[in-house]
Structures are given as C-alpha cells and as structure tokens.
Amino acid sequence: MLLIVLLDLYSLVVLGAVIISWIQLPPSNPVATFLHTLTEPLLAPIRRVLPDAGGLDFSPLILLFGLRMLRSLLFAGAL
C-alpha cells in the first residue's frame, strides 16, 4: 500500500532531521533546510503541547511513535 510506504519514508526523513540536529549543520545548509521544511509542520505542534524537558526535544520521538501507530492501523486494515 502506497500510504504505508510514504509513512516509512517520512519516518526516515524525521530520523534524518534528528541526525542533522545532532551534528549541528548550519540552518543555511540545503540538506538541513530541506529536512526542516518537511518535518517542522508536524513537529512544531507537538513541541507546543509537550512540557519542557530540560533542553531535550522529545517531539521527534512522539512523531515517530505516532507514525508507527498509524502505520500499524493501516497495515491491519490492509490485510
């Protein structure tokens, strides 16, 4: 199913954004800009809801968890 593949690809994009944040590429870097553009629309609302965790950003973890849950629901429906 195409939607499941797209969810898997987006999960990889989110993981890429996390890795980019760890190596601290400058925001002007094209890869960083591309990943930020793709992930920020879903990460920003999660960040607004999550309480402050002492400088740690758990929003990608929450997003990945949500994507996995959605994938599981779609996969169960596709069977």
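Being a predicted model, the structure only gives us computed values, none of them experimental.

Engineer: What should I look at first to understand helix α2 (residues 30-49) in this one?
Structural biologist: Every α-helix carries 3.6 residues per turn, so stepping three or four residues along brings you back to the same face. Compared with an ideal rise of 1.5 Å per residue, which puts 20 residues at 28 Å, α2 spans 29 Å between its outermost C-alpha atoms and is within 8% of the ideal. The largest bend along α2 reaches roughly 55° and is located at glutamate 40, with the proline proline 41 sitting one to four residues downstream. Between the side-chain oxygen at the start of α2 and the backbone nitrogen of valine 31 there is a gap of 2.8 Å, and the oxygen is on asparagine 29.

Engineer: What is the right way to read the pattern of salt bridges from this model?
Structural biologist: Pairing is possible between side chains that carry opposite charge, provided their charged atoms lie close to one another. Summed over the entire model, instances satisfying the criterion amount to 4 salt bridges. The residue arginine 68 makes a salt bridge to aspartate 8 at a minimum N-O spacing of 3.2 Å. Of this pair, arginine 68 sits in helix α3 (residues 59-78) while aspartate 8 is found in helix α1 (residues 2-23), placing the two residues 60 residues apart along the sequence. Its relative accessible area of 24% is what places aspartate 8 among the partly exposed residues. Among the salt bridges present, the one from arginine 71 reaches aspartate 8, with a minimum N-O distance of 2.7 Å. You can see arginine 71 sitting in helix α3 and its partner aspartate 8 sitting in helix α1, a full 63 residues away along the chain.

Engineer: Looking at this model, I keep getting lost on unusual backbone geometry. Mind explaining?
Structural biologist: Note: most residues except glycine have negative phi, and most peptide bonds are trans. The backbone of glutamine 24 shows a phi angle near 55°, a positive value even though the residue is not glycine. When you line up the elements, glutamine 24 lands in the loop between α1 and α2.

Engineer: Explain the side chain of serine 59 to me, please; I cannot follow it from the model alone.
Structural biologist: Mapped onto the elements, serine 59 comes out in helix α3. Here the side chain of serine 59 touches aspartate 57 through a polar contact of 2.6 Å, side chain to side chain. When residues no more than four places from it in sequence are discounted, the contact partners of serine 59 are Leu43, Ile46, Arg47 and Leu50.

Engineer: Teacher, can you tell me more about the packing of α1 against α2 here?
Structural biologist: Pairs of packed helices are described in terms of their axes, by the angle between the two and the distance that separates them. Between α1 and α2, whose axes approach to 9 Å, the crossing angle comes to 120°. Classified by the angle between their axes, α1 and α2 sit oblique to one another. In this structure, the crossing between α1 and α2 has a hand that is left-handed. Two secondary-structure elements touch here, α1 through Tyr10, Val13, Val14, Gly16, Ala17 and Ile20 and α2 through Val31, Ala32, Leu35, Leu38, Thr39 and Leu42.

About the criteria used
As a convention, each chain's residues are numbered from 1 in the sequence order in which they are written. This being a predicted model, a pLDDT of at least 70 is required before a residue's local features are given, and a value of 80 or more before pairs of side-chain atoms are given or counted; all residues contribute to the totals for chains, interfaces and linings. No hydrogens and no water enter the side-chain calculation; it runs on all heavy atoms of the structure. Secondary structure elements are defined from DSSP: runs of H or I of at least 4 residues count as helices, runs of E of at least 2 residues count as strands, and each element is numbered from the N terminus. In a helix, the anticipated span is given by 1.5 Å times the number of residues less one. Values of bend correspond, residue by residue, to the angle between axes fitted over the seven residues ending at that residue and the seven starting there. Polar contact criterion, stated in full: a pair of N or O atoms within 3.5 Å, where within protein one must be able to donate a hydrogen and the other to accept it, and residues adjacent in sequence count only if both atoms are side-chain atoms. By salt bridge we mean one thing: a side-chain nitrogen of Lys or Arg within 4 Å of a carboxyl oxygen of Asp or Glu. Burial here depends on accessible area, computed with a 1.4 Å probe over protein chains only, as a share of the maximum for the residue type. Under 20% is buried, over 50% is exposed, and the range in between is partly exposed. A contact between two residues is defined here by any heavy atoms of the two lying within 4.5 Å. The axes used here are C-alpha line fits, helices contributing only the stretch in contact, and every angle between their N-to-C directions lies in the interval 0 to 180 degrees. The cut-offs work like this: below 35 degrees is roughly parallel, past 145 is roughly antiparallel, 65 to 115 is roughly perpendicular, and the gaps in between are oblique. Take the far helix as the reference: if the near one is turned anticlockwise from it by less than a right angle, the crossing is left-handed, and if turned clockwise, right-handed.

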